[in-house]
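Chains, contacts and geometry: an overview
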Amino acid sequence: ITVTSSIKEDETLKYAARYKAFLDYLDLGLNFIYSDDTKMIGYELEGNLADTGVLLRSEGAFIENTLNTQTGEDKEDFFQAIVGADYGFENGITVVGEGLYSSKEFSYQEILLNYNSEILPNLVYSKFYTALSLSYSFNIFLDASLIYIESFNDENSRFISPTLTYTLNDYNSFMLGAMLQNGDKGSEFGEFENTYYFKWVLSF
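To keep things clear, this report deals only with the structure shown in the data block. (Residues numbered from 1 in each chain as written. Predicted model: local features only at pLDDT ≥ 70, side-chain atom pairs only at ≥ 80, totals over all residues. Heavy atoms only, no water.)

Quick notes on the sheet that holds strand β2 (residues 13–22)
- Judged by pairing direction, the sheet is antiparallel, and its 12 strands sit side by side in the order β1-β2-β3-β4-β5-β6-β7-β8-β9-β10-β11-β12 without closing on themselves. The open sheet has two free edges, formed respectively by β1 (2–7) and β12 (195–202), since each of these has just one partner strand. Averaged over neighbouring strand pairs, the angle between their axes works out to 15° when direction is ignored.
- Across 11 bridges, strand β4 (residues 38–48) lies against strand β5 (residues 55–69) in antiparallel orientation. Bridged to glycine 47 within β5 is leucine 56. (Pairing = 2+ DSSP bridges. Helix = DSSP H or I, 4+ residues; strand = E, 2+ residues; numbered from the N terminus. Axes fitted to C-alpha atoms, helices over the stretch in contact; angles between N-to-C directions.)

What about the pattern of salt bridges?
- Tallied over the entire structure, the rule returns nine salt bridges.
- For lysine 104, the salt bridge identified is with glutamate 76, shortest N-O distance 3.8 Å. Of this pair, lysine 104 sits in the loop between β7 (93–102) and α1 (108–113) while glutamate 76 sits in strand β6 (residues 72–88); the two residues are 28 residues apart in sequence, bridging distant segments of the chain.
- One salt bridge connects arginine 158 with glutamate 150, and the closest N-O pair in it is separated by 3.0 Å. Accessibility classification places arginine 158 together with glutamate 150 in one group, the buried group.
- Linked through salt bridges whose partners overlap, the residues forming this network are Lys8, Asp37 and Glu118. (Salt bridge = Lys/Arg side-chain N within 4 Å of Asp/Glu carboxyl O. Buried < 20%, exposed > 50% of the residue type's maximum accessible area, 1.4 Å probe, protein only.)

Following this line, the structure appears as structure tokens:
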């Protein structure tokens, strides 16, 4: 059992509690969050699929929050859940698949109005997403990964992010990557341009 309390920037208190149990076939967790603006009760489940090496997991929460609207403040109640699985093959490939469901979707304007909200990551543009992640280690120096996210809305759109990482030594690593966004104009990812980047991490 874990209990946590913190003071927010406006000097109000935020409370959280977590109960974690280890059952025969899965791990179970219950989570509670309370503040002046947010009330949440959530769960987490994780277990191995019949000793196959496939790890199944799910997280979800019922959330009540006071959000800013164009006419003032309103309370919103909604449910969100993620179901996922991952498996590591002997050849070094790791596959992760996930699906996210939200009982409520939020407009771009609503998200902007609540940019400082405690639940900003939960303000999603679509009610349903799927995601796939692939990673592979060529050797101890070179790794590659790919993330694919599909947003299901009136007009579907997608986000694709390939990366290549080279570790020179204990102090230097280099990453070459891209963030590709595709979809019709007006869709979630269709509004943004593609981004390409090079990243150098120096540790000392």
